[in-house]
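Here's the letter readout for the chains.
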Amino acid sequence: MEIIISNSSKKPIYEQITSQIKNLIMTGALQEGDALPSMRALAKTLHISVITTKRAYEDLERDGFIETVVGKGSFVATHNSHLLKEEQQRQIEDYLTKAVSLSKSCGISYEELTEILNVLYHEEV
């Protein structure tokens, strides 16, 4: 598991960790039951405070992405497909909100924006 921390990011370090681990789970790079590094090991690898990794793991557990077993460690939680879909929809809404805002500031009409979305959606990847 590779986590990359950016000191120039406006996001706090714990949020960078949280979002990257969520992404690894949603893309299938981390599977149900996979062990995560201990908080201490991750902190040492990233050269950050254990308190920061603890906050990230607590957020991930609260959101249902990981489960922590005392004395054993933290593991990717049993997949709740509804939870994963909700998270993905939230991310899509964030991107679309930015696209709508940029479109309005550039004078792109609703019709033009939906045409762009339609082309992109049906485009071969």
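Per an unreviewed UniProt entry, the protein chain goes by the name GntR family transcriptional regulator and belongs to Turicibacter sanguinis.

Q: Tell me about unusual backbone geometry, and please be specific about residues and values.
A: With a phi close to 60 degrees, H47 is a non-glycine residue in the positive phi region. Here H47 is to be found in the loop between helix 2 (39–46) and helix 3 (50–62).

Q: Outline the packing of helix 1 (residues 13–26) against helix 3, supporting the account with residue identities and numerical values.
A: For the pair helix 1 and helix 3, interaxial distance at closest approach is 8 Å and the crossing angle is 45 degrees. Here helix 3 runs oblique to helix 1, going by the angle between their axes. Both helix 1 and helix 3 take part in a crossing whose hand is right-handed. Together, I13, Y14, I17, T18, I21 and K22 of helix 1 and T52, T53, R55, A56, Y57, D59 and L60 of helix 3 make up the contact between the two elements. Its residues assigned to classes, the contact of helix 1 with helix 3 shows seven nonpolar, three polar and three charged.

Q: Tell me what's going on with the pattern of salt bridges, and back it up with residues and numbers.
A: For the coordinates displayed, the defined rule picks out eight salt bridges. Residue K54 pairs with E58 through a salt bridge whose shortest N-O separation is 2.4 Å. A residue pair is termed a helical-turn pair when its members lie 3 or 4 positions apart in one helix, as K54 and E58 do in helix 3 at four residues. A relative accessible area of 39% means that K54 is categorised as partly exposed. Using a relative accessible area of 39% as the deciding quantity, one classes E58 as partly exposed. Through salt bridges with shared partners, a single network forms among K22, R55, D59, R62, D63, E87, R90 and D94.

What counts as what
- Residues numbered from 1 in each chain as written.
- Predicted model: local features only at pLDDT ≥ 70, side-chain atom pairs only at ≥ 80, totals over all residues.
- Heavy atoms only, no water.
- Helix = DSSP H or I, 4+ residues; strand = E, 2+ residues; numbered from the N terminus.
- Axes fitted to C-alpha atoms, helices over the stretch in contact; angles between N-to-C directions.
- Parallel < 35°, antiparallel > 145°, perpendicular 65-115°, else oblique.
- Left-handed = near helix turned anticlockwise from the far one by under 90°.
- Contact = heavy atoms within 4.5 Å.
- Nonpolar A, V, L, I, M, F, W, Y, C, P; charged D, E, K, R; others polar.
- Salt bridge = Lys/Arg side-chain N within 4 Å of Asp/Glu carboxyl O.
- Buried < 20%, exposed > 50% of the residue type's maximum accessible area, 1.4 Å probe, protein only.

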